[in-house]
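Structural overview for review
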Amino acid sequence: MNIAILGFGTVGSGIDTIIKENNISNLLIKKILVRDEKKLLLPNMTLNFDEIIEDKNINVVVECIGGIEKSLEYVKSALIHKKNVVTSNKMLIALYYEELQKLAKINNVQILFEASVGGGIPIIKNINQIKKIEEIICFKGIINGTTNYILYKMCNQNMSFSEALSEAKEKGYAELNPYQDISGEDIKYKTLILANIINEKSFSLNDIITYGIDNIDIRDIQFAKNNKKICKIISNGYFDRENASLYVIPEFIDENTILSNVKENYNMIMINTNTEGTLYFGGQGAGKLPTANAIIQDLLYFEKSNYNSDTNIQKGIINNDLKKETFYIRSKNVDILKNITKEKISEDTIITKEISIENMDKEIKKCEDEKIFVSKV
């Protein structure tokens, strides 16, 4: 199989490393697209994307440049020119899932994106296998290594948020600007991808209620510890025959559960089915070689699978009122939440009555507090 790699940074070079070190002879990197003339260091490197599109011997285009504008342009062009595509770009898949799937189907090619969720964990392949036999009722997961590292250090080593974030940056687990991670936005993209794959429908980012850990405080961690719980930020998806409830939120989880014991930058995704019960998939959720490994698995899986849905992908129906739960809310304006308060545990912190996340979200908006912290209890 002849492949072209778009971008030769962390992930792109990782693909090259794995192919060479493992002597994967049926994968030949014919072209590598780079942006800077100074990076033309290998004979198969080029600055011209058209060279890749016009080469009829290239079977698969691997997108590793990230972002949206250029990656969308290149991926759409590759599909139109009847080349298969592999990508780890979660934003691209989350925002353009329906359009890209239809384009692939029309041109009788595939777009695979295993590495977009969970790094090296083969979660999308397993979901597609499970769906052949069973109905998936729900999923819960730790799918962001940066936030899990921060919360692990806060809960297990008594670090402050700023100390844990600083260490995550030093180790390369967090970006210099970590907003996408700590706000929950990165997890929102991945939640959307999982929901679309499980339901074979198209949901949107606006469907997913999202709370991050950017306002977490050591007091919140201490409350969890006092109640024998650990704080994690969790991706949630619940499904019935007609509706889906999708949200991202910190959660105080019992300290002896599998999810509560996921360490440092590792990921864990729990799938609940109608007959097998609960299945767990864990491993490194990011990094050069785990992500590159997931891309290579897609490359090797092409002839054995078909990820593409019918071109008539229906809009998914969202209902975030499906499930009633209890929440921990800390806010300077917590008295505004009297209608949903079960117990006030400090001047600025309450435990709510059982309420859906949709109704809780509506009530929280009344607080008008930029520093609010919310967790499921």
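Residues numbered from 1 in each chain as written. Predicted model: local features only at pLDDT ≥ 70, side-chain atom pairs only at ≥ 80, totals over all residues. Heavy atoms only, no water.

**A word on the pattern of salt bridges**
In the structure shown here, the tally under the stated rule is 27 salt bridges. With a closest N to O distance of 3.0 Å, lysine 102 and glutamate 98 form a salt bridge. Here lysine 102 pairs with glutamate 98, and both are found in helix α4 (residues 90-106), just four residues apart, close to one helical turn. Judged by its relative accessible area of 25%, glutamate 98 falls in the partly exposed class. (Salt bridge = Lys/Arg side-chain N within 4 Å of Asp/Glu carboxyl O. Helix = DSSP H or I, 4+ residues; strand = E, 2+ residues; numbered from the N terminus. Buried < 20%, exposed > 50% of the residue type's maximum accessible area, 1.4 Å probe, protein only.)

**Looking at the environment of isoleucine 19**
You can see isoleucine 19 is positioned in helix α1 (residues 10-21). Remark: the alpha-carbon pair of isoleucine 19 and leucine 299, spanning 280 residues in sequence, is separated by 11 Å. Those residues within four positions of isoleucine 19 in sequence are excluded, and the remaining contacts are Ile3, Ile24, Leu27, Ile29 and Ile296. (Contact = heavy atoms within 4.5 Å.)

**A short note on the nonpolar core**
Counting residues in each nonpolar core, the largest one holds 78 residues, and the members touching the most others are Leu79, Ile123, Ile216 and Ile271. Top element by residues in this core is helix α9 (residues 185-199). It accounts for eight residues. In contact with isoleucine 216, not counting residues within four places along its chain, are Leu151, Met154, Phe161, Ile221, Cys231, Arg330 and Phe373. Core analysis: the next-biggest nonpolar cluster, separate from the first, contains 24 residues, Val11, Ile24, Ile32 and Val34 among them. (Core = buried A, V, L, I, M, F, W, Y, C linked by side-chain atoms within 4.5 Å.)

**A few points about the pairing of strand β11 (residues 266-273)**
In summary, the side chains of a regular strand alternate between the two faces of the sheet. Counting buried residues in β11 gives seven out of eight residues, a clear majority hidden from the surface. Two elements, strand β7 (residues 136-142) and β11, share six bridges in a ladder whose sense is antiparallel. Residue phenylalanine 139 lies in a different strand from β11, and its bridge partner there is isoleucine 271. When β11 meets strand β12 (residues 277-284), the two strands line up antiparallel, connected through eight bridges. Bridge pairing in β12 places isoleucine 271 opposite leucine 279. The hairpin turn running from β11 into β12, its antiparallel successor, is three residues long. (Pairing = 2+ DSSP bridges.)

**Regarding α9**
Along its 15 residues, α9 runs 21 Å from first to last C-alpha, staying within 8% of the 21 Å computed at 1.5 Å per residue. Of all 15 residues making up α9, 14 are buried, and the element is well covered by its neighbours. (Expected span 1.5 Å × (residues − 1).)

**Some words on the sheet that holds strand β3 (residues 45-46)**
Within the open sheet, the six strands sit side by side as β3-β2-β1-β4-β5-β6. Their pairing is parallel. If you trace the sheet from one side to the other, it starts and ends with β3 and β6 (111-112), each paired once. Here strand β2 (residues 28-33) pairs with β3 via two bridges, running parallel. Pairing of leucine 33 across the sheet is with threonine 46, part of β3.

**Comments concerning the packing of helix α5 (residues 123-131) against α9**
α9 packs onto α5 with a crossing angle of 25 degrees between their chain directions and a minimal axis gap of 10 Å. Accordingly, the angle class assigned to the pair α5 and α9 is roughly parallel. Note that α5 runs across α9; the crossing there is right-handed. Packed against α5, whose contacting residues are Ile123, Ile124, Ile127, Asn128 and Lys131, the element α9 presents Ile193, Leu194, Ile197 and Ile198 at the interface. Looking at the contact of α5 with α9 residue by residue, the classes come out as seven nonpolar, one polar and one charged. (Axes fitted to C-alpha atoms, helices over the stretch in contact; angles between N-to-C directions. Parallel < 35°, antiparallel > 145°, perpendicular 65-115°, else oblique. Left-handed = near helix turned anticlockwise from the far one by under 90°. Nonpolar A, V, L, I, M, F, W, Y, C, P; charged D, E, K, R; others polar.)

Nothing here speaks to function; it is geometry throughout.
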